[in-house]
Amino acid sequence: MFKKILIPIDLTEVSISKPALDASMELALQSKGVLRLVTVETLLPASFMEYVPPEFDKSQEERAGHALEQISAGLVFPRDNISHTVRFGGIYVEILAEADEWGADLIVIGSHRPSMATYLIGSNAKTIVRHAKCSVLVIRA
Ligand code: ADP
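Residues numbered from 1 in each chain as written. Predicted model: local features only at pLDDT ≥ 70, side-chain atom pairs only at ≥ 80, totals over all residues. Heavy atoms only, no water.

Participant: I'd like a rundown of the pattern of salt bridges, residues and numbers included.
Facilitator: Evaluation of the coordinates by the stated rule reveals seven salt bridges. Glu69 is paired through a salt bridge with Arg79; the nearest N and O atoms lie 2.8 Å apart. Taken together, the residues Glu69 in helix α2 (residues 56–73) and Arg79 in the loop between α2 and β3 (82–88) connect sequence positions 10 residues apart. Exposure remark for Glu69: the relative accessible area of 33% places this residue in the partly exposed category. Here Arg87 ties to Glu101 by a salt bridge, and the two come within 3.1 Å at their closest N and O atoms. Remark: Glu101 occurs in helix α3 (residues 91–102) and Arg87 occurs in strand β3; sequence separation between them is 14 residues. Overall, Arg87 belongs to the buried group, its relative accessible area being 13%. Assessed through its relative accessible area of 59%, Glu101 is described here as exposed. Through salt bridges with shared partners, one network takes in Arg36, Arg87, Glu94, Glu98 and Glu101. (Salt bridge = Lys/Arg side-chain N within 4 Å of Asp/Glu carboxyl O. Helix = DSSP H or I, 4+ residues; strand = E, 2+ residues; numbered from the N terminus. Buried < 20%, exposed > 50% of the residue type's maximum accessible area, 1.4 Å probe, protein only.)

If you want it as structure tokens, here you go:
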């Protein structure tokens, strides 16, 4: 049913994406679909830029890309059917933009159990569910 599945990954908390990755692989195998991993790196405020090396963005992108590469390599899924990308900016804004640009038909998000702080659903997951043009599956860790 779903052919193009986007899985946003928080590299500081990969464990909550594990059930999302498992569910995505299962769905994609059924439909001979493809997976795409996306991680969003937050931009430093302009006033910080003079304190970081000139190549900071580039090395941040390479590090994040390498981490996604390693996650992909650990999946039992045809390698040619997985891609990944690193984006910079606001988390849900960039995830929604990637879903549009790549033409995802499903976004699968790992999410914590609800807490008092987030009430029912975390803020990224909530905003993506509300604004995505495609289907969204929230997988509880
Ligand atoms: P909660 O876990 O409290 O529900 P969120 O709403 O932030 O919190 O949902 C967590 C999910 O949001 C992660 O599993 C991941 O899919 C996505 N996410 C969070 N941070 C990032 C990031 N920097 N890059 C890509 N995806 C992210």
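There is more to say, and it comes next.
Participant: Before we move on, can you summarise the environment of Ala64 with the specific residues and values?
Facilitator: Summarising the element assignment, Ala64 is placed in helix α2. Put simply, Ala64 and Asn81 are 17 residues apart on the chain and 20 Å apart in space, counted from C-alpha to C-alpha. For Ala64, the contacting residues outside a window of four places in its chain are Leu11, Thr39, Glu41 and Val86. (Contact = heavy atoms within 4.5 Å.)

Participant: I'd like a rundown of the site of the ligand, residues and numbers included.
Facilitator: Taken together, 17 residues lie near the ligand, and Pro8, Gly110, Ser111, His112 and Ala125 sit nearest. Between the ligand and Val40, the relevant distance is 2.9 Å, taken from a nitrogen atom to a main-chain nitrogen or oxygen of the residue. A distance of 2.8 Å separates an oxygen atom of the ligand from a polar atom in the side chain of Asn124. Starting from 560 Å² of accessible surface for the ligand in isolation, the protein chains cover 91%. For the shell around the ligand, the elements supplying multiple residues, two or more each, are β2 (34–41), α3, β4 (106–111) and α4 (123–131). Of the residues that constitute the shell around the ligand, the class distribution is nine nonpolar, seven polar and one charged. (Near = heavy atom within 4 Å. Polar contact = N/O pair within 3.5 Å; in protein donor to acceptor, adjacent residues only side chain to side chain. Areas by Shrake-Rupley, 256 points an atom, 1.4 Å probe, with all protein chains shown as cover. Nonpolar A, V, L, I, M, F, W, Y, C, P; charged D, E, K, R; others polar.)

These results come straight from atomic positions and should not be treated as a statement about function.
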